[in-house]
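Chain residues, written in single-letter form:
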Amino acid sequence: MVSKSDEYYTHRRLILSSILPNFSLTCSLSSPMYEQSDHAVELDYPFEQRHRPVRIVGSCNGLVCFGNDQEDYMFLWNLSTRKVKRLQDPGVGFVYDSSRVCGFGYDKSNDDYKVVTSRCVFGDGGALEKTELMVQSLRTNSWRRIAGCPLIIALGRTGKFVSGSLHWLAFTMNRSKVIVSVDLAYETGGEVVQPSYGDGPFALTLEVLSGWLCVLCDFYGYRTDVWVMKEYGMRESWTKLFTIIPYLTNPMSFFSLHTTCHFK
């Protein structure tokens with residue numbers, strides 16, 4: 001949400017969101033990292049959503065994008081000014097059903113914020129025929145289809161924003177694991193090359209770490225390799241920063257890792 005020059009993360013904030021009950025807490029990222037603190041503030045939603053599940057779609061430059069599970073709309077909230085903008089209905093069904101992806105990011109070249117969501121088209125037999133991605137520009141307040149989207153079944157529903165693009169982990173129809181990207185400036189879809197993770201079965205989690213695209217490669221509880229792409233779009237720039245080995249009696253209980261920051 002701020003530049004990398006914020007060395008001690010004093011201007012970055014953590015948001016913890018829960019839908020049961022429906023509330024969100026926020027605190028400075030520097031508090032749990034540099035000092036012992038239990039100070040967290042509950043976000044007082046400026047809209048009446050207490051009895052409807054609300055989820056965070058993404059955040060960028062102090063703006064937070066929320067989605068509603070039970071009604072098909074999203075809205076933006078400026079945490080500083082507390083202004084709220086409801087986005088136009090994309091007309092694709094529930095924002096957070098099992099086949100939906102969504103994301104929020106900033107288009108620097110056009111000085112515009114954009115929201116991406118998807119629509120999966122299924123045939124008569126229930127087979128996925130195609131995936132359509134759509135983008136809404138806050139400037140035009142209209143939805144457009146994104147070209148070049150591969151036929152996918154999404155794994156991570158919330159897009160990770162890096163280098164002007166949103167990213168999701170996905171399966172292709174032949175069950176290959178891919179990283180799907182959407183360039184917000186050109187509004188085109190593509191695929192990000194991955195590193196060679198090594199042999200053996202593993203699960204992948206997509207994150208953002210120090211402004212880099214990051215992949216956690218979990219060899220099912222026995223170890224987790226943390227990979228980052230230091231030069232966006234360059235396969236040879238993928239670097240394994242470190243390996244996490246769980247200190248647990250039962251290594252299979254070690255799962256669901258998420259990254260927050262990296263100290264250089």
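Structure shown above.
Source: prediction; values computed, not measured.

Asker: Talk me through the sheet that holds strand S18 (residues 212-218); I want residue IDs and the actual numbers.
Answerer: Across a sheet, strands are paired by hydrogen bonds formed along the backbone, either parallel or antiparallel in direction. Taken together, four strands build an open sheet; the order of strands is S17-S18-S19-S20 and the sheet is antiparallel. Sheet topology places strand S17 (203-209) and strand S20 (238-244) at the edges, where each strand pairs with a single neighbour. Across the sheet, the mean angle from the axis of one strand to that of its neighbour is 25 degrees, orientation sign disregarded. With six bridges joining them, S18 and strand S19 (residues 224-229) adopt antiparallel strand pairing. Bridge pairing in S19 places Cys 214 opposite Val 228.

Asker: Describe the pairing of strand S10 (residues 128-137), listing the residues and the values that go with them.
Answerer: The side chains of a regular strand alternate between the sheet's two faces. Extensive coverage of S10 is indicated by the burial of eight of its 10 residues. In terms of strand pairing, strand S9 (residues 112-122) meets S10 through nine bridges, oriented antiparallel. Bridge pairing in S10 links Cys 120 to Thr 131. Counting the residues between successive antiparallel strands, the hairpin from S9 to S10 contains five residues, one of them, Gly 126, with a positive phi of roughly 90 degrees. As paired elements, S10 and strand S11 (residues 142-145) share four bridges and run antiparallel to each other.

Asker: How would you explain the side chain of Gln 194 if you had to name every residue and give the values?
Answerer: Within the secondary structure, Gln 194 is located in the loop between strand S16 (188-192) and S17. Under the relative-accessibility criterion, Gln 194 is labelled buried at 13%. At 2.8 Å, the side chain of Gln 194 forms a polar contact with the backbone oxygen of Lys 177. Here Gln 194 is in contact with Lys 177, Val 178, Ile 179, Leu 204, Arg 235 and Trp 238, once residues within four sequence places are set aside.

Asker: Quick one: what's the story with unusual backbone geometry, residue by residue and with numbers?
Answerer: Even without a glycine there, the phi angle at Asn 61 is positive, about 55 degrees. As for its placement among the helices and strands, Asn 61 is situated in the loop between strand S4 (54-60) and strand S5 (63-68). Asn 61 sits in the partly exposed class, given a relative accessible area of 40%. Non-glycine residue Ser 163 carries a positive phi angle of around 50 degrees. When you line up the elements, Ser 163 lands in the loop between strand S13 (160-162) and strand S14 (165-172). The exposure class of Ser 163 is exposed, given its relative accessible area of 51%.

Asker: I'd like to hear about the pattern of salt bridges, residue by residue, with values.
Answerer: Overall, the coordinates contain six salt bridges when judged by the stated rule. The salt bridge involving Glu 187 is made with Lys 114; its shortest N-O contact spans 2.9 Å. Linking Glu 187 in the loop between strand S15 (177-183) and S16 with Lys 114 in strand S9, this pair joins segments that are 73 residues apart in sequence. For Glu 187, a relative accessible area of 14% corresponds to the buried category. Glu 187 is the salt-bridge partner of Arg 144, the closest N and O atoms lying 2.6 Å from each other.

Calculation notes
- Residues numbered from 1 in each chain as written.
- Predicted model: local features only at pLDDT ≥ 70, side-chain atom pairs only at ≥ 80, totals over all residues.
- Heavy atoms only, no water.
- Pairing = 2+ DSSP bridges.
- Helix = DSSP H or I, 4+ residues; strand = E, 2+ residues; numbered from the N terminus.
- Axes fitted to C-alpha atoms, helices over the stretch in contact; angles between N-to-C directions.
- Buried < 20%, exposed > 50% of the residue type's maximum accessible area, 1.4 Å probe, protein only.
- Polar contact = N/O pair within 3.5 Å; in protein donor to acceptor, adjacent residues only side chain to side chain.
- Contact = heavy atoms within 4.5 Å.
- Salt bridge = Lys/Arg side-chain N within 4 Å of Asp/Glu carboxyl O.

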